[in-house]
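Here are the chains, one letter per residue:
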Amino acid sequence: MTSAPPLYLDNNATAPLRAAAIAAMQDAMGPPANPSSVHGFGRAARLRVEDARQAVAGLAGCSASEVVFTSGGTEANNLVLSQYAHIITTPIEHDSVRAVHPHISFVNVLADGRVDCDDLKRQLDAVPVAARRQTLLSIMAANNETGVLQPLDDIAEIAARAEITLHSDMVQAFGKTAMDFAGSGIGYASLSAHKIGGPSGVGALLVRPGFGLSSLLKGGGQEQGRRSGTENLIGIAGFGAAAKAASDDPDHYARMAGWRDAFETQITCNLPAAQIFGQSVRRLGNTSCIAAGPKAAETMVMAFDIAGVAVSAGAACSSGKVQRSHVLDAMGVGDAAAHAIRVSGGWATKQADFETLADVFLRLYKQNA
Ligand code: PLP
């Protein structure tokens, strides 16, 4: 008897590579390829980079000149924060925002996972007028643990009124929600390739015209002087191909929201004590963050793994250890934070995967009640 292949539902950590990204990277791998070289090899490499830039810009809703390639979302976040003297942000950000700057203030989040816009207004108003040009407001578009989407239109309006620049970490929202960076009122946005089926180690910072950016790395002046270092051509080619493939199926995550909601309904009907975080507000269609039983989240993640389903507990952590979720702590969920697991679908996820998940989920939580 052959067992079913494991089911991967941890796409907010990383998504599997798309076939188109693999093909584009294999294609870019052969010839010598420094896009700054003037000979034919260099010009061919430049074409690949610019083609990828166009594809990323297309998916982000901006022009290609606004895309600065980086080594990923972490670098994009560090790069933009390094340009400002004071950062105002939220306690639910990724560590590459919330833990990288010496002068940082935090705006409260509500129990549903959204930013408290009254507190935001108060904090922006309290910034002395003379300091506002050197202050950056950084608020993520979608949270990696709960999928909760922030009301970025309202936040952009509040920031504009206070004349403070807004950056958004859009690593999780990119490719999963429609994006109109050029029309958003946001000055900078961070993206990452490996969340949309491209390779890890490549991403971008989007920069609106008129917003400055000086390279953190000093050297060759690539990316129009905004990010030095010979371009990661293979990674960039994979990123571009993944962005193109994501653009070809813009409704995938809206459909997934239906599959995810049906799964959640089954859970709450059968396990009345289950709590689903952020369920009452707009969320990514792929994410569900649930506390449903007395066992620690790590124990349940192992049980899921043995049952052939990959999910995660709390925040994925580079050391392999699971830390208590700073996101759920900020939402004030109390002890439930220690029991929460995260399920996240991706570009390759199908309706049947959420149906299988529901069966496994109910079986495991009934066994571990
Ligand atoms: N921002 C968010 C919200 C993320 O979820 C992640 C990755 O998990 C990052 C930033 C970092 O991106 P990268 O892995 O490309 O450095």
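Here is a short report on the structure shown in this document. (Residues numbered from 1 in each chain as written. Predicted model: local features only at pLDDT ≥ 70, side-chain atom pairs only at ≥ 80, totals over all residues. Heavy atoms only, no water.)

A look at the pairing of strand β10 (residues 287–291)
Now for step 1: Counting buried residues along β10, five of its five residues qualify, which places the element largely inside the surrounding structure.
Now for step 2: Because side chains alternate across β10, one face comprises the buried residues T287, C289 and A291, and the other comprises S288 and I290, equally buried.
Now for step 3: Inspection of the sheet shows strand β9 (residues 275–276) paired to β10 by two bridges, in the antiparallel sense. Looking at the pairing, I276 lines up with I290 of β10.
Now for step 4: Note: β10 against strand β13 (residues 340–344), five bridges, orientation antiparallel. Within the sheet, the bridge partner assigned to C289 lies in β13 and is R342. (Buried < 20%, exposed > 50% of the residue type's maximum accessible area, 1.4 Å probe, protein only. Helix = DSSP H or I, 4+ residues; strand = E, 2+ residues; numbered from the N terminus. Pairing = 2+ DSSP bridges.)

Re helix α1 (residues 19–29)
Now for step 1: Of the residues making up α1, those classed as buried are A21, A24, M25 and A28. Considered in projection along α1, the buried side chains sweep an arc of 100° and stay on one side of the axis. Exposed positions of α1 whose direction lies more than 90 degrees from the buried face are A19 and Q26.
Now for step 2: Taken together, the buried residues of α1 touch α2 (40–60) and α7 (233–247). (Arc of directions from axis to C-beta. Contact = heavy atoms within 4.5 Å.)

Quick look at the packing of aromatic side chains
Now for step 1: Counted under the stated rule, the structure contains nine aromatic pairs.
Now for step 2: Each ring, one from Y84 and one from Y188, has its centre 6.3 Å from the other, and the planes form 80°; the classification is edge-to-face. Of this pair, Y84 sits in the loop between α3 (73–81) and β3 (86–89) while Y188 sits in strand β7 (residues 188–192); the two residues are 104 residues apart in sequence, bridging distant segments of the chain.
Now for step 3: Take Y84: its relative accessible area is 11%, and that puts it in the buried class.
Now for step 4: Feature note: the residues F263, F304, F354, F361 and Y365 constitute an aromatic cluster, connected by ring pairs. (Phe/Tyr/Trp six-rings, centres within 6.5 Å; stacked < 30°, edge-to-face > 60°.)

What about the nonpolar core?
Now for step 1: Counting 57 residues, the largest nonpolar core has L137 and F239 as the members making the most contacts within it.
Now for step 2: Secondary structure elements with two or more residues in this core: α1, α2, β2 (67–70), α5 (117–125), α6 (152–161), β7, β8 (203–207) and α7.
Now for step 3: When near neighbours in sequence (up to four residues on either side) are disregarded, F239 contacts V56, F69, F174, L191, S192, A193, I196, P199, V202, G203 and A204.
Now for step 4: Grouped together as the second largest cluster of nonpolar side chains are 30 residues, M256, A274, V301 and L357 included. (Core = buried A, V, L, I, M, F, W, Y, C linked by side-chain atoms within 4.5 Å.)

Points about the site of the ligand
Now for step 1: Around the ligand, 14 residues are found, and the nearest of them are T74, D169, S192, H194 and K195.
Now for step 2: Contact distances for the ligand include 2.8 Å between an oxygen atom and a backbone N or O atom of G73.
Now for step 3: In the model, an oxygen atom of the ligand is placed 2.6 Å from a nitrogen or oxygen of the T74 side chain.
Now for step 4: Surface burial for the ligand is 86%, taken as the share of its 390 Å² of free accessible area covered by protein chains.
Now for step 5: In terms of residues, the shell around the ligand owes the most to one element, α3, which gives three residues. (Near = heavy atom within 4 Å. Polar contact = N/O pair within 3.5 Å; in protein donor to acceptor, adjacent residues only side chain to side chain. Areas by Shrake-Rupley, 256 points an atom, 1.4 Å probe, with all protein chains shown as cover.)

Section: the sheet that holds β3
Now for step 1: Across the sheet, seven strands lie side by side as β2-β8-β7-β6-β5-β3-β4; this open sheet has mixed pairing. Every interior strand has two partners, whereas the edge strands, β2 and β4 (104–106), have only one. Taken pair by pair, the neighbouring strands of this sheet meet at an average axis angle of 20°, ignoring direction.
Now for step 2: Summarising the sheet, β7 and β8 pair through five bridges and their orientation is antiparallel. Bridging across to β8, S192 finds its partner in G203. (Axes fitted to C-alpha atoms, helices over the stretch in contact; angles between N-to-C directions.)

Description of α6
Now for step 1: For α6, the complete set of buried residues consists of L152, I155, A156, I158 and A159. For α6, the buried positions fall inside an angular range of 160° around the axis, keeping them on one side. Residues of α6 that are exposed and point over 90 degrees away from its buried face: D153, A160 and R161.
Now for step 2: Two residues or fewer after α6 comes E163, characterised by a positive phi angle close to 55°.

Points about the packing of α2 against α7
Now for step 1: Closest axis-to-axis distance for the α2/α7 pair is 8 Å, and the angle between their directions is 35°. Note that α2 runs across α7; the crossing there is left-handed. Counted together, A45, R48, V49, D51, A52, A55, V56 and L59 of α2 and L233, I236, F239, G240, A243, K244, A246 and S247 of α7 form the full contact between these two elements.
Now for step 2: Residues belonging to the contact of α2 with α7 are distributed by class as follows: 11 nonpolar, two polar and three charged. (Left-handed = near helix turned anticlockwise from the far one by under 90°. Nonpolar A, V, L, I, M, F, W, Y, C, P; charged D, E, K, R; others polar.)

As for the packing of helix α8 (residues 252–270) against helix α11 (residues 351–367)
In a packed pair of helices, the relevant descriptors are the angle between the two axes and the axis-to-axis distance.
Now for step 1: The contact between α8 and α11 brings their axes to 9 Å, and the two run at 20°. With respect to α11, the axis of α8 lies roughly parallel. Of the two possible hands of crossing, α8 and α11 adopt the one that is right-handed. In this structure, α8 contributes M256, W259, R260, F263, Q266, I267 and N270 to the contact, and α11 contributes Q351, F354, L357, A358, F361, L362 and K366.
Now for step 2: When grouped by side-chain class, the residues that make up the contact of α8 with α11 number nine nonpolar, three polar and two charged. (Parallel < 35°, antiparallel > 145°, perpendicular 65-115°, else oblique.)

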